[in-house]
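If you want the building blocks of each chain, they are given just below.
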Amino acid sequence: MPLADFETAPLSEVLSALTVDPSRGLSNEEASRRLDEQGPNALPEKTESLLAKALSHFTGPIAYMIEAAALVSLLLGRWEDFTIIFGLLVFNAALEFWQDRKANAALAALREGLAPQARVLRDRVWATHEAKELVTGDIVRIRLGDIVPADLRLTTGDFASIDQASLTGESLPVSKGMGDIAYSGSIVRQGEVEGVVIATGAQTFLGRAARLVAGAGAESHAQKAMFQIGNILIATALVLALVMVAVQVYRDIVVSNNWGLTDALDILQFVLILLVASIPVAMPAVFSITLALGALALSRDKAIVSRLSSIDELAGVDILCSDKTGTLTKNQLTLDTPLAVERNDPAETLLVAALASRPGNDAIDTAVLAASASTDLPDGYSISAFTPFDPVSKRAEAVVEGPNGRTFLATKGAPQAIVDLAHPRAEVARMVDTHVTELGAKGYRALAVARSDDGGSSWVILGVLPLFDPPRDDSRTTIEAVRARGVSVKMITGDDTAIARETARQLGLGMNIATAAESFPRDMDPDNPPAAVVDLIERADGFARVFPEHKYAIVKALQKRGHVVAMTGDGVNDAPALKQANCGVAVSGATDAARGAAGVILTAPGLSVIAKAIEESRRIFLRITSYTIYRVALTMDIMALVVLSTIFLGFQPLTAVMIVVMSLLDDIPIMAIAYDRTSAGPEPTRWRMPHLIGIAGGLGLASLVQSFGLLLIGMEILSDPTRHGVFGLTDEAHLQSVMFLQLVAGGHLLLLVARTKGWFLSRPHPAPTLLVAIGLTQAVAVLMCGFGWVVPAIPWSLIAWVWLYMLVWLVILGGLRLGLEKALEGGLGSWRRYRTRLRTPLFPPLP
């Protein structure tokens with residue numbers, strides 16, 4: 001019999017299919033045989049050595065490029081360059097390794113959620129066994145405080161109140177009786193029952209969630225962007241290098257007829273150095289440091305970042321899927337104003353309800369007592385007997401002695417149970433039914449209250465108590481703040497549809513709430529939901545009665561339609577969706593499984609920090625894109641300048657040493673961009689590669705004109721000896737120093753243009769840390785050229801001329817940036833029109 005049938009088939013058929021007698025259990029021999037066949041009752045775990053995990057972070061396009069740069073430096077004997085490049089490689093790998101260990105904590109937390117031991121009946125003898133030894137067909141006893149060790153169908157016992165909120169999202173414990181299912185990992189809050197095991201390990205409800213967590217995870221858009229940018233730079237460098245080699249070889253062999261091993265090695269060395277300069281060695285480190293500093297800023301707002309890529313993803317989020325219970329609501333059952341039935345006295349109704357309650361008994365009693373504490377209750381009451389609520393009678397009852405010495409009975413419970421007890425007049429019964437219907441339409445739970453002054457011979461129904469889980473005080477303002485930032489909100493809950501709709505109404509969310517259990521086919525593959533279901537998911541404002549696979553499917557479907565999705569939650573049932581989401585957010589008080597699967601963990605109650613996190617993440621994203629534009633433009637300038645001047649002028653504007661030093665001076669200090677000031681936009685920000693490459697390409701081309709123009713001016717001066725004294729430029733070696741200074745200092749001036757879409761002198765101004773880093777680098781470059789450190793010394797007057805030239809070009813580049821932004825935005829359409837095209841994925845699927 002399939003597992004689904006075990007859950008729904010009559011209990012007698014289940015016991016027959018499992019060949020077990022509930023009065024004697026399985027034999028030890030049969031249990032052993034089934035354990036060998038089915039495997040242990042534990043979540044599957046892939047083991048990988050620490051070394052293998054560590055080495056896996058040294059693979060990938062960016063890592064391969066950095067390793068190639070390190071290898072070239074090693075082959076050329078440039079130990080300083082090798083040390084710096086290899087250090088960056090290890091730094092990036094260490095960060096990824098640490099974050100990977102944090103992310104995999106989700107599965108570990110799920111495993112810890114399984115009960116370690118269980119009471120099992122075998123060969124008519126009850127004994128305690130390790131929970132991992134359970135097999136289908138075992139008869140298990142569970143009672144108050146136990147963690148359910150496997151998925152069970154209950155076989156005996158009156159009832160059990162089982163808390164499965166972390167699995168299904170239901171806000172109150174659920175009463176279970178014979179034939180009902182108790183899920184593995186849920187907790188028994190009241191009662192004692194026996195059940196037959198119908199699923200173990202990965203086949204349980206909890207196991208299915210764990211399988212989803214293991215297979216979940218969306219690739220970071222930042223990673224994809226880095227791969228694309230790195231590939232573009234390397235491909236460009238290879239093409240230019242091949243052209244330069246072909247021209248040089250042609251000149252040496254065909255034109256000069258002078259070719260030797262030394263010439264070949266010189267060309268090879270220069271080509272390798274050119275490739276090293278083209279590799280964005282510091283790009284992963286800049287990304288990591290910028291994100292890490294952003295994570296530090298978010299931690300001050302009570303948001304702990306466990307996966308740095310989540311910050312980049314949060315900047316582009318356009319849909320926030322939020323769990324309801326404990327996230328949008330307080331997860332704290334609360335009483336509303338009592339509704340009158342036979343007596344119009346709310347204070348008396350609340351008093352009698354409180355007398356029929358016991359502190360710490362359950363969530364309902366806690367809510368009643370919390371509400372009564374705010375009313376003036378008379379002293380002098382004593383309780384001589386108390387019968388707690390149970391699912392059979394569906395009510396609680398107390399024998400009370402009042403201040404006047406008279407005894408009466410107080411009871412509260414399910415409205416129908418109280419009506420059946422009191423046998424009221426027809427109009428009273430109708431009034432109770434009307435109250436219950438109206439409350440049910442709003443998603444409220446109803447509790448009837450009655451008292452008897454004659455020992456139970458007759459009862460008076462005093463009123464009906466409305467019970468609900470109220471929204472958090474900051475939920476509505478948070479939703480409005482998030483929407484103002486261009487992010488739509490969808491509510492997802494395991495509660496009933498009526499409850500979801502009432503919560504949505506109170507929070508100002510849309511009322512189009514879909515019932516997941518009815519809308520999603522039972523055998524649906526959560527990784528590939530049907531098109532009709534995906535359409536429903538996009539249209540819906542929220543979902544009710546969802547299971548973990550539903551939440552996962554909702555997130556996955558939205559991602560396939562091009563959306564960047566954030567998911568908030570706190571329970572085991574949220575873990576698969578939290579890990580699959582581009583940015584999973586575990587709220588305050590979340591389970592270990594939810595925290596392990598999430599990329600951001602909130603330490604303050606509610607979602608108010610989400611709006612701040614979105615704003616901060618967009619600032620961080622702009623810092624990263626600023627660096628990317630700068631690095632691509634500068635790399636294009638350097639590579640094209642070297643190749644074009646070699647081909648057309650027969651002159652190498654930079655030595656191999658200059659290229660390596662320049663690459664380090666341009667990249668290492670520029671990590672200070674992580675501290676830069678940026679302004680967050682009102683809409684989600686994403687990696688728009690055509691726009692980014694267009695801006696970088698335009699600035700790179702203009703920078704090439706700037707550099708090539710200075711080179712031509714320098715060669716013109718060298719051709720006229722009468723000008724040597726005016727500018728202080730006397731030979732080609734000094735011209736190489738001029739080009740070195742222009743590319744190092746001009747590169748950082750280019751960053752001032754790359755960091756903002758507006759005029760480079762407008763707000764927000766660069767952060768002091770960034771200005772200091774740029775200033776120190778400029779000073780080093782000037783001193784190197786002035787005193788002849790590593791490069792040939794040039795006169796201070798010539799340095800001044802170069803700086804004047806660069807400042808003029810700074811203004812030109814600033815104007816060009818404004819023009820490029822206007823042209824590209826006009827060509828691509830406004831950002832709002834761009835968002836309508838989000839059905840097309842931002843990146844093509846990886847093979």
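Here, the structure is the one placed above.
My aim in this report is to walk through the structure given alongside it, one point at a time. Fair warning: this is a prediction, and the values are worked out from it, not measured in the lab.

**Notes on the overall build of the chain**
So, point 1. Counting secondary structure elements, the chain contains 33 helices and 23 strands.
So, point 2. A burial count over the chain gives 55% of its 847 residues as buried.
So, point 3. Contacts spanning at least 24 positions in sequence make up 74% of the contacts within the chain whose residues lie at least 6 apart.

**Section: the pattern of salt bridges**
So, point 1. Scanning all chains against the criterion turns up 33 salt bridges.
So, point 2. Ionic pairing is found between E30 and R34, a salt bridge with its closest N-O pair at 2.6 Å. Remark: R34 and E30 occur in helix α3 (residues 28-38); sequence separation between them is 4 residues, near one turn of the helix.
So, point 3. Taking the shortest distance from any N to any O, the salt bridge between R141 and E192 comes out at 3.9 Å. Here R141, found in strand β3 (residues 139-143), pairs with E192, found in strand β8 (residues 187-199); they are 51 residues apart in sequence, far enough to count as distant.
So, point 4. Judged by its relative accessible area of 23%, R141 falls in the partly exposed class.

**Some words on helix α10 (residues 221-255)**
So, point 1. Across its 35 residues, α10 extends 50 Å between first and last C-alpha, which sits within 8% of the 51 Å expected from 1.5 Å per residue.
So, point 2. Phi turns positive one or two residues past the end of α10, at N257, with a value near 50°.

**Quick notes on a nonpolar patch on the surface**
So, point 1. Together, V657, L783, F787, W789, V790 and W796 make up an exposed nonpolar region whose accessible area comes to about 600 Å².
So, point 2. Tracing the backbone through its elements, the reader meets W789 in the loop between α31 (768-787) and α32 (796-828).
So, point 3. Residue class for W789 comes out partly exposed when judged on its relative accessible area of 44%.

**Side note on the side chain of S645**
So, point 1. Looking at the secondary structure, you find S645 in helix α26 (residues 608-649).
So, point 2. Take S645: its relative accessible area is 0%, and that puts it in the buried class.
So, point 3. Polar contacts involving the side chain of S645 include one to the main-chain carbonyl oxygen of L641, which spans 2.7 Å.
So, point 4. Look past the residues within four positions of S645 in its chain and what remains in contact with it is A640, G650, F651, P653, F708 and L711.

**A look at unusual backbone geometry**
So, point 1. The step from R763 to P764 runs through a cis peptide bond, and the omega angle for that step is -5°.
So, point 2. Considering the arrangement of structural elements, one finds P764 in the loop between α30 (732-754) and α31.
So, point 3. Of note in the backbone geometry, N331 takes a positive phi value of approximately 55° without being a glycine.
So, point 4. Look at V790: it is not a glycine, yet its phi comes out positive at around 75°.

**Structural notes on empty space enclosed by the protein**
So, point 1. Taken as a whole and judged by the stated rule, the model has 7 cavities of 30 Å³ or more.
So, point 2. The computed volume of the largest cavity comes to approximately 140 Å³.
So, point 3. Counting only elements with at least two residues in the lining of the largest cavity, the list comes to β17 (460-468) and α20 (497-507).
So, point 4. Take the lining of the largest cavity: its biggest share by element is 4 residues, from α20.
So, point 5. Class assignment for the residues of the lining of the largest cavity results in 6 nonpolar, 4 polar and 6 charged.

**Side note on the sheet that holds strand β18 (residues 488-492)**
So, point 1. One open sheet accounts for 8 strands, arranged β9-β23-β22-β21-β10-β18-β20-β19; its pairing is mixed. Strands with a single pairing partner mark the edges of an open sheet, and in this sheet they are β9 (303-305) and β19 (513-515). Direction aside, the axes of adjacent strands within the sheet are offset by 20° on average.
So, point 2. Where β19 meets strand β20 (residues 542-544), 3 bridges bridge the pair, whose relative direction is parallel.

**A short note on the nonpolar core**
Burial of nonpolar side chains together is a common tendency in soluble globular proteins.
So, point 1. The biggest cluster of nonpolar side chains holds 123 residues, and the ones touching the most others in it are L602, L654, W687, L699 and F740.
So, point 2. The biggest single contributor to this core is α26, with 21 residues.
So, point 3. Counting 37 residues, the second-largest nonpolar core is a separate cluster that includes A514, I537, V572 and I601.

**Quick word on the pairing of β3**
So, point 1. Where strand β1 (residues 117-122) and β3 come together, 3 bridges link them in antiparallel fashion. Of the residues in β3, the one forming a bridge with L121 is I139.
So, point 2. Alignment of β3 against β8, held across 5 bridges, turns out to be antiparallel. Each bridged residue has a counterpart across the sheet, and for V140 the counterpart in β8 is G195.

**Digging into the packing of aromatic side chains**
So, point 1. Scanning the entire structure with this criterion turns up 11 aromatic pairs.
So, point 2. Taking 5.7 Å as the distance between ring centres and 80° as the angle between the ring planes, the aromatic pair formed by F205 and F547 counts as edge-to-face. Within this pair, whereas F205 is found in helix α9 (residues 205-215), its partner F547 is found in the loop between β20 and α23 (548-560), the two being separated by 342 residues in sequence.
So, point 3. Judged by its relative accessible area of 4%, F205 is buried.

**Quick notes on α31**
So, point 1. The first and last C-alpha atoms of α31 sit 28 Å apart over 20 residues, in line with the 28 Å expected at 1.5 Å per residue.
So, point 2. For α31, every residue scored as buried is listed here: L770, A773, I774, T777, Q778, A781, V782, M784, C785 and G786.
So, point 3. Phi turns positive one or two residues past the end of α31, at G788, with a value near 75°.

**Re the environment of T477**
So, point 1. Among the structural elements, T477 can be located in helix α19 (residues 475-484).
So, point 2. We classify T477 as partly exposed; its relative accessible area is 49%.
So, point 3. Sequence separation between T477 and L607 is 130 residues; the distance between their C-alpha atoms is 9.7 Å.

**Some words on the pairing of strand β15 (residues 407-413)**
So, point 1. Across the 7 residues of β15, 6 count as buried, placing the element largely inside the fold.
So, point 2. Counted between consecutive antiparallel strands, the loop separating strand β14 (residues 395-401) from β15 contains 5 residues, among which G405 sits at a positive phi close to 85°.
So, point 3. Of the pairings in the sheet, the one linking β15 to strand β16 (residues 445-452) comprises 5 bridges and is antiparallel in character. Counted as the bridge partner of T411 is A450 from β16.

**Some details on the packing of helix α28 (residues 689-719) against α30**
So, point 1. Relative to each other, α28 and α30 sit at 155°, their axes nearing to 10 Å. If you check the angle between α28 and α30, you find them roughly antiparallel. Between α28 and α30 lies a crossing of right-handed hand. Between α28 and α30, the residues in contact are L699, S703, Q706, S707, L710, L711, G714, M715 and L718 and E732, L735, V738, M739, Q742, L743, L750 and V753, respectively.
So, point 2. Split into classes, the residues belonging to the contact of α28 with α30 amount to 11 nonpolar, 5 polar and 1 charged.

Each value, and the rule that gives it
- Residue positions are given per chain, counting from 1 as you read along its sequence in written order.
- Given that the model is predicted, a residue must reach a pLDDT of at least 70 before its local features are reported, and side-chain atom pairs must reach 80 or more before they are shown or counted; all residues, however, enter totals for whole chains, interfaces and linings.
- Water and hydrogen atoms were dropped before computing side-chain values, which therefore reflect all heavy atoms in the structure.
- Strands here mean DSSP runs of E at least two residues long; helices mean DSSP runs of H or I at least four residues long; both are numbered from the N terminus.
- Each residue is placed in one exposure class: buried if its accessible area under a 1.4 Å probe, protein chains only, is under 20% of its type's maximum, exposed if it is over 50%, and partly exposed if it falls in between.
- Residue contacts follow a heavy-atom distance rule, with two residues in contact if any of their heavy atoms lie within 4.5 Å.
- Salt bridges are defined by distance alone: a side-chain nitrogen of Lys or Arg within 4 Å of a carboxyl oxygen of Asp or Glu.
- Take the number of residues in a helix, subtract one, and multiply by 1.5 Å to get its expected span.
- Only residues whose relative accessible area exceeds 30% and that form no salt bridge enter a patch; like-charged residues are grouped when within 9 Å of one another, and nonpolar side chains (Val, Leu, Ile, Met, Phe, Trp, Tyr) when within 5 Å.
- Accessible surface is estimated by sampling points in the Shrake-Rupley manner with a 1.4 Å probe; for residues, cover comes only from the protein chains shown.
- Pairs of N or O atoms within 3.5 Å make up the polar contacts considered here, provided that, within protein, one atom can donate a hydrogen while the other can accept it, and that residues adjacent in sequence are counted only when both atoms are side-chain atoms.
- Computed over the protein atoms alone on a 1 Å grid, cavities are sets of points where a 1.4 Å probe fits but cannot get out and pockets are open sets with protein on both sides within 12 Å along at least five of seven lines; a residue lines them when it has an atom within 4 Å of a point.
- Grid points are joined across faces, edges and corners, and a volume is the space filled by probe spheres set on the points.
- In this count, Pro and Cys sit with the nonpolar residues alongside Ala, Val, Leu, Ile, Met, Phe, Trp and Tyr, while Asp, Glu, Lys and Arg are called charged and the others, Gly among them, polar.
- Pairing between two strands requires that DSSP report at least two bridges joining them.
- Here an angle of 0 to 180 degrees is reported between the N-to-C directions of two axes, which are lines fitted to C-alpha atoms, with helices fitted over the stretch in contact.
- By nonpolar core is meant a set of buried Ala, Val, Leu, Ile, Met, Phe, Trp, Tyr and Cys residues that side-chain atoms within 4.5 Å join together.
- Between 30 and 60 degrees the pair is tilted, below 30 it is stacked and above 60 it is edge-to-face, where a pair is any two Phe, Tyr or Trp rings, Trp via its six-membered ring, whose centres lie within 6.5 Å.
- Note on terminology: angles under 35 degrees are roughly parallel, angles over 145 are roughly antiparallel, angles of 65 to 115 are roughly perpendicular, and the others are oblique.
- Crossing handedness is read from the near helix: turned anticlockwise from the far helix by less than a right angle, it gives a left-handed crossing, and turned clockwise, a right-handed one.

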